[in-house]
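Secondary and tertiary structure notes
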There are 2 protein chains.
Amino acid sequence: MELVLSFTEENYLKEIYHLFQESNTPVSTNAIAEVMNTKAASVTDMIKKLSAKGVVSYQKYHGVKISDKGQKAALQVIRKHRLWEAFLVDKLKFNWDEVHDVAEQLEHIKSPLLIKRLDEFLGHPKYDPHGDPIPDENGEFKAKPQAPLSTVENGAEGVVVSVKDASASFLQYVDKMGIYIGAKIRVIEKVEFDGSLEILIDNKRTVFISKEVSENIWITE
Amino acid sequence: MELVLSFTEENYLKEIYHLFQESNTPVSTNAIAEVMNTKAASVTDMIKKLSAKGVVSYQKYHGVKISDKGQKAALQVIRKHRLWEAFLVDKLKFNWDEVHDVAEQLEHIKSPLLIKRLDEFLGHPKYDPHGDPIPDENGEFKAKPQAPLSTVENGAEGVVVSVKDASASFLQYVDKMGIYIGAKIRVIEKVEFDGSLEILIDNKRTVFISKEVSENIWITE
DNA sequence: TTTCATTTTTAGACTAATCTAAAAATAGAA
DNA sequence: TTCTATTTTTAGATTAGTCTAAAAATGAAA
Ligand SMILES: [Mn+2]
Ligand SMILES: [Mn+2]
Ligand SMILES: [Mn+2]
Ligand SMILES: [Mn+2]
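Residues numbered from 1 in each chain as written. Chains lettered and ligands numbered in written order. Predicted model: local features only at pLDDT ≥ 70, side-chain atom pairs only at ≥ 80, totals over all residues. Heavy atoms only, no water.

1. What about the protein's contact with DNA strand C?
Close to DNA strand C lie 22 residues, the nearest being Lys-48, Tyr-58 and Lys-60 of chain A together with Ser-6 and Ser-42 of chain B. Side-chain polar atom of Asp-45 of chain B to a base oxygen of DNA strand C: 3.5 Å apart, as the coordinates give it. Between DNA strand C and Lys-49 of chain B, the relevant distance is 2.7 Å, taken from a phosphate oxygen to a side-chain nitrogen or oxygen of the residue. Of all the elements, helix H3 (residues 40-52) of chain B adds the most residues to the surface near DNA strand C, at 5 residues. Partitioned by chemical class, the residues of the surface near DNA strand C number 8 nonpolar, 9 polar and 5 charged. (Near = heavy atom within 4 Å. Polar contact = N/O pair within 3.5 Å; in protein donor to acceptor, adjacent residues only side chain to side chain. Helix = DSSP H or I, 4+ residues; strand = E, 2+ residues; numbered from the N terminus. Nonpolar A, V, L, I, M, F, W, Y, C, P; charged D, E, K, R; others polar.)

2. A short note on the nonpolar core
Judged by nonpolar contacts, the single largest core of 32 residues is most densely connected at Leu-88 and Leu-106 of chain A together with Leu-88 and Leu-114 of chain B. Those elements that place two or more of their residues in this core are helix H4 (68-90), helix H5 (100-106) and helix H6 (112-121) of chain A together with helix H4 (68-90), helix H5 (100-106) and helix H6 (112-121) of chain B. Beyond its immediate sequence surroundings of up to four residues, Leu-88 of chain A is in contact with Lys-93, Phe-94, Val-99, Val-102 and Leu-106 of chain A together with Leu-114 of chain B. (Core = buried A, V, L, I, M, F, W, Y, C linked by side-chain atoms within 4.5 Å. Buried < 20%, exposed > 50% of the residue type's maximum accessible area, 1.4 Å probe, protein only. Contact = heavy atoms within 4.5 Å.)

3. Things to note about the packing of aromatic side chains
Applying the stated rule across the entire model yields 7 aromatic pairs over all chains. Where Phe-87 of chain A meets Phe-121 of chain B, the ring centres are 6.4 Å apart and the plane angle is 80 degrees; that geometry is what we call edge-to-face. Taken as a pair, Phe-87 of chain A in helix H4 and Phe-121 of chain B in helix H6 lie in two separate chains rather than in one. Seen from their ring centres, Phe-121 of chain A and Phe-121 of chain B are 6.3 Å apart, and the 70 degrees between their planes marks the pair as edge-to-face. On the criterion of chain membership, the pair formed by Phe-121 of chain A in helix H6 and Phe-121 of chain B in helix H6 is interchain, its members lying in two chains. You can call Phe-121 of chain A partly exposed: its relative accessible area is 23%. Aromatic ring contacts, followed pair by pair, group Trp-84, Phe-87 and Phe-121 of chain A together with Trp-84, Phe-87 and Phe-121 of chain B into a single cluster. For the cation-ring pair, Arg-117 of chain A lies above Phe-94 of chain B, with the distance from its terminal atom to the ring centre recorded as 5.7 Å. (Phe/Tyr/Trp six-rings, centres within 6.5 Å; stacked < 30°, edge-to-face > 60°. Lys NZ or Arg CZ within 6 Å of the ring centre and 35° of its normal.)

4. Focus on the protein's contact with DNA strand D
Taken together, 22 residues are adjacent to DNA strand D, and Ser-6 and Ser-42 of chain A together with Lys-48, Tyr-58 and Lys-60 of chain B come closest. Here DNA strand D approaches the protein such that, of its atoms within 4 Å, sugar and phosphate make up 82%. Within the side chain of Lys-39 of chain A, a nitrogen or oxygen atom sits 3.1 Å from a phosphate oxygen of DNA strand D. Contact distances for DNA strand D include 2.5 Å between a phosphate oxygen and a side-chain N or O atom of Lys-48 of chain B. Looking at the surface near DNA strand D, the elements with two or more residues in it are helix H1 (7-23) and helix H3 (40-52) of chain A together with helix H2 (29-36) and H3 of chain B. Among the elements that make up the surface near DNA strand D, the one with the highest residue count is H3 of chain A (5 residues).

5. Examining the sheet that holds strand E6 (residues 197-201) of chain B
All names here are of chain B. Here 6 strands make up an open sheet; going across it, the order is E3-E8-E4-E5-E6-E7 and the pairing antiparallel. Edge positions in the sheet fall to strand E3 (147-148) and strand E7 (205-209), since each has one partner strand and no second. Note that E3 and strand E8 (residues 217-219) share 2 bridges and pair antiparallel. Bridging from a neighbouring strand, Pro-148 pairs with Trp-218 of E8. Across the sheet, helix H7 (residues 168-177) lies against strand E4 (157-163), E6, E7 and E8, angled at about 150 degrees from E7, the strand it touches most. (Pairing = 2+ DSSP bridges. Axes fitted to C-alpha atoms, helices over the stretch in contact; angles between N-to-C directions.)

6. Let's talk about the coordination of the manganese ion (ligand 2)
Residues and elements named next belong to chain A. The protein atoms that coordinate the manganese ion (ligand 2) are Glu-85 (OE), Asp-128 (OD) and His-130 (ND1), at distances of 2.1 to 2.3 Å. The distance between the manganese ion (ligand 2) and the manganese ion (ligand 1) is 3.5 Å, with Glu-85 acting as a donor to both metals. Here the residue Glu-85 occupies a position in helix H4, and His-130 occupies one in the loop between H6 and strand E3 (147-148), the gap between them amounting to 45 residues. Judged by its relative accessible area of 1%, Glu-85 falls in the buried class. (Donors = N, O, S within 2.8 Å, 3.2 Å for Na, K, Ca; no water.)

Keep in mind these numbers describe shape, not what the thing actually does.
Right under this line is the structure:
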């Protein structure tokens, strides 16, 4: 009765976990197709397989919910992804924009001993290079209280805690702006019209960022 | 025109490389089936694919030879396998009998930067935990001159350079006998009847090993 | 409460990797 | 040189994951 998921099943489950976390309501077939870069028909097939394995519950035409069993499995994949990202940055001197694609591969390596030892080798890190929390062996984690820059008030101040887009293009842009995990940000002005922001970084540099960018940079409350 | 091999194609090619090295004659379908734990019919199918990609040359009914292109590709997989084994032992404190299965997975991770950095992180190791040489980025490597214990004369002496079986059961047995890479071995007596050996390890301990075991332990000449 | 745009599922095909069973080719013994 | 045991290939299925096109269900507007 041991749960074994394929490479592909793990990827679907991980995305379903994230989507379910965001809304706490059943996840639609189309939403999954979107993030997985596949077609709705493929998603329907996969959902049936995941449902048969008990990691999601599925009501035809009404989307999927992740089960406790599925949640546990998803969190172990996420744990591996983030531990590997930490390894790549801390030990192999990768930049934070170079790690995601490699971690997408490494997260599927099956070896409990490897993850245990990697975690020890890294000193049990609590956060990955993007500020995301690393679940422990039981799937437990604690995210720092945080809010997207896009929702804070004029004049508000905080420290960058995490970034929510791991794409190389986004992270390289963030680098160029002088923004990093731990940077001190003050919102100078929020433009009503388009939601763009003028911000002061580390009391030194003023930059303008779009609403879209500000939604992906989260600071302490 | 860039060569892309699937996970499975890489595994076939690696084994074809090893088999071709051993004999320097065309490798038979059955020989491949044996080491790949598949059936001859599956091998024939795969050989056609590898041939279409130019990594092997194939004469129907007369076996396959690996091409230069194939050799290069195989050596890069072998390089990754051995680098990961070195990482697991040197950094994550794995025993030498615990690394092979994990390395079988890790060797397929696609990221030139990862391998470059891993190699640097490990200090450009020349040999893996089993004494096998690690090819460099150009596929070049130098194995130490060595011969299997089974072929040396009575009274011969040497230092263990490598072991040729990476299975956990073999390596654990080798451990128990007190044999390791670097151990000094003297052949006390070779039994004509079954080829078994009585050997002295590090001038301290005398043990008996079968012919089969002695074929997998290689010492300096 | 009916209509219809949108979403979801089904049907049928395709590719990669595998299998079994049968046919074909090879090579060594007679 | 012929026979035949063995090896190899082909034929036809199967499974996982994907697709397109068509059918079915949903739900919100009229
Ligand atoms: Mn990531
Ligand atoms: Mn991350
Ligand atoms: Mn190995
Ligand atoms: Mn090895």
